[in-house]
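A closer look at the structure
Okay, here's what each chain looks like letter by letter:
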Amino acid sequence: MRINDERKSIVDAVKVGLLGLGTVGGGTVNVLKRNVEEIARRAGRGIVITHAAARDLNKPRICDTDGITLTTDPMAVVNDSEVEIIIELIGGDGLAKDLVMAAIAQGKHVVTANKALIAKHGNEIFAAAQDKGVMVAFEAAVAGGIPIIKAIREGLAGNKIQWLAGIINGTGNFILTEMRDKGRDFDDVLKEAQELGYAEADPTFDVEGIDAAHKLTILASIAFGLPLQFEAAFTEGISKITREDVNFAEELGYRIKHLGISRRTDRGVELRVHPTLIPERRLIANVDGVMNAVLVMGDAVGPTLYYGAGAGDEPTASAVVADLVDVVRVLTTDPENRVPHLAFQPDALSDLPILSMDEVETAYYLRMQADDRPGVLADVTRILGDSGISIEAIIQKEPQPDSDKASIIMLTHTVLEKQMNQAISNIEALDSIHGEVTRIRMESLDAS
Ligand code: NDP
Ligand code: HSE
């Protein structure tokens, strides 16, 4: 940068208020400080955090806060007349919503990593932002450092998107990988994910699929041009996955991944998060640890896959800072000519319904404990046949030395979930079947 440019960028630096100095807030300060010149060259102006808020000002931080005015009152940061852009990194959808709405009301642009806030209140927030002509940028809310929002909203704007499927929770994928590869205990790995700053404040959001459902809701809206409808998402977590199922799946050539899947059909849009068997040869089946990946099928481009760190301080800060640069670049752009928040123009959103899980079609992995005697398998296959369910593969495992029950594992072809529900309840009613039938949904994720 030439000296004159450098002086100009300091004088004209955009002043930013940061709400939250935890994992992502700390990472954002570090990235902005370390790459200050590179970022100013990209944005056309310097960007400086002048004010920041946290709960406890005596807590040790991962970043150096020298030169930043600190407070425990985040609303004071929003209200400070010097501050032009607010970065919300507190989380949750209570206080965070009040802060974001207050910033918008004052005509300030907002950058946030808060997927819960956007998935639950995004329609209201974007309407307010539209009204005030300000931007609310949320790249960091989905898949950590992967620029997936920009890819779908801008890079794939020429496509009719058919479906997308992603590993979009780093904590969950980290837990599944460590359990599979190192035989570690669920609780032990979750504790490590929390220490590494990957997990949500309430980690049940990670393991029960709520966090992934927040992210999937956002992805589906920008892919298909729908209003955000988090309450219509189907969510199933990973806490019930057993080592047995992981091993049987591998024996059959599959991996179990916690996927968010959204597909456009003639009847509506599928919006579902659940453990899923996927063929082990798919690239996405080999995405391990805290890494995330999103597979997007566009009618023109075909399948595209986006991969990168799904959580953590600097990967997430990478997305926060990219949004900040975007906001600074468009500060002077006419609001009508900006990229729309949900990719499609606000008056062109679709009213396509979100399908209930009963109406979703998918294939299944089933595992059940059965008496080891003739006729049992025939009873089970008859029930499936009567429900119009065709079987792709069956394995029967001999009883363990301490048991008289055999494990039956089946893979089925695609069927409506409500037909499978009926078949499972008929199978569970058989005297020869013991306990619940384990059901894991299965997707081929092929290019058709
Ligand atoms: P942290 O818990 O690490 O940080 C939250 C910050 O908010 C802390 O600095 C905390 O202060 C501050 N805070 C909380 N309540 C108040 C309050 N009432 N007044 C002032 N400050 C407050 O969370 P993360 O950084 O992990 O997450 C932040 C957001 O980013 C969340 O929305 C999360 O979902 C999202 N996100 C997180 C990712 C990650 O990898 N961690 C990745 C992508 C998105 P104090 O430190 O003093 O307690
Ligand atoms: N808790 C989230 C995860 C953070 O583990 O994916 C990133 O959004």
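Right, let's get into the site of ligand 2. Taken together, the neighbourhood of ligand 2 is formed by K115, N169, G170, T171, Y198, A199, E200, D206, D211, K215, G310 and A311. In this structure, N169 approaches ligand 2 through a side-chain N or O atom, which is 3.4 Å from an oxygen atom. In this structure, an oxygen atom belonging to ligand 2 sits 2.8 Å away from a side-chain N or O atom of K215. With the chains in place, 94% of the 260 Å² that ligand 2 exposes on its own is no longer accessible. Those elements that provide at least two residues to the shell around ligand 2 are helix 8 (170-182) and helix 11 (210-224). Looking at the shell around ligand 2 residue by residue, the class counts come to three nonpolar, four polar and five charged.

Partitioning the protein chain into structural domains gives domain 1 (14-146 + 314-344), domain 2 (148-309) and domain 3 (358-442). The centre of domain 1, based on its C-alpha atoms, is set 26 Å off from the matching centre of domain 2. The interface is formed by 25 residues belonging to domain 1 together with 28 residues belonging to domain 2. Summed over both sides, the interface between domain 1 and domain 2 buries roughly 2,200 Å², with carbon and sulfur atoms accounting for 68% of that surface. Our count for the domain 1 to domain 2 interface comes out at three salt bridges.

Right, let's talk about the site of ligand 1 for a bit. Of all residues adjacent to ligand 1, which total 25 residues, the nearest are D56, K59, R61, E200 and G312. Of the residues belonging to the shell around ligand 1, the class tally is ten nonpolar, nine polar and six charged.

On to the environment of V360, then. Tracing the backbone through its elements, the reader meets V360 in the loop between helix 13 (313-329) and strand 13 (361-371). A C-alpha to C-alpha distance of 9.6 Å links V360 and R263, two positions 97 residues apart in sequence. Sequence-distant contacts of V360, defined by excluding residues within four places in its chain, comprise E270, R272, V415, L416 and E417.

Read across the sheet, six strands follow the order 3-2-1-4-5-6 without closing on themselves; strand pairing throughout is parallel. Sheet topology places strand 3 (69-71) and strand 6 (136-137) at the edges, where each strand pairs with a single neighbour. Where strand 2 (residues 47-53) and strand 3 come together, three bridges link them in parallel fashion. Across the sheet, the residue bridging to A52 is L70, located in strand 3.

Another point: the packing of helix 6 (residues 115-132) against helix 11. When two helices pack together, you describe them by how their axes are tilted relative to each other and by the distance separating the axes. Running from amino to carboxyl end, helix 6 crosses helix 11 at an angle of 55°, the nearest separation of the two axes being 8 Å. Accordingly, the angle class assigned to the pair helix 6 and helix 11 is oblique. The hand of the helix 6/helix 11 crossing is left-handed. Of the residues in helix 11, those in contact with K115, A116, I118, A119 and K120 of helix 6 are D211, H214, K215, T217 and I218.

The next thing to look at is the nonpolar core. I104, I148, I152, I218 and V296 are the most contacted members of the largest nonpolar core, which totals 56 residues. Within the residue set of this core, elements represented by two or more residues are helix 4 (74-79), helix 5 (95-105), helix 6, helix 7 (148-155), strand 7 (161-167), helix 11, strand 10 (269-279) and strand 11 (291-298). By residue number, the principal contributor to this core is helix 11, which donates nine residues. Each of domain 1 (14-146 + 314-344) and domain 2 (148-309) accounts for three or more of the residues forming this core. Residues contacting V296, with those up to four places away along its chain left out, are I148, I152, L156, I161, W163, L164, G302, P303, T304 and Y306. Listed in part, the 32 residues of the second largest apolar core include V14, V16, V111 and A137.

Rules and cut-offs
- Residues numbered from 1 in each chain as written.
- Chains lettered and ligands numbered in written order.
- Predicted model: local features only at pLDDT ≥ 70, side-chain atom pairs only at ≥ 80, totals over all residues.
- Heavy atoms only, no water.
- Near = heavy atom within 4 Å.
- Polar contact = N/O pair within 3.5 Å; in protein donor to acceptor, adjacent residues only side chain to side chain.
- Areas by Shrake-Rupley, 256 points an atom, 1.4 Å probe, with all protein chains shown as cover.
- Helix = DSSP H or I, 4+ residues; strand = E, 2+ residues; numbered from the N terminus.
- Nonpolar A, V, L, I, M, F, W, Y, C, P; charged D, E, K, R; others polar.
- Domains from an automatic or database assignment.
- Contact = heavy atoms within 4.5 Å.
- Buried area = accessible area lost by both parts, 1.4 Å probe.
- Salt bridge = Lys/Arg side-chain N within 4 Å of Asp/Glu carboxyl O.
- Pairing = 2+ DSSP bridges.
- Axes fitted to C-alpha atoms, helices over the stretch in contact; angles between N-to-C directions.
- Parallel < 35°, antiparallel > 145°, perpendicular 65-115°, else oblique.
- Left-handed = near helix turned anticlockwise from the far one by under 90°.
- Core = buried A, V, L, I, M, F, W, Y, C linked by side-chain atoms within 4.5 Å.
- Buried < 20%, exposed > 50% of the residue type's maximum accessible area, 1.4 Å probe, protein only.

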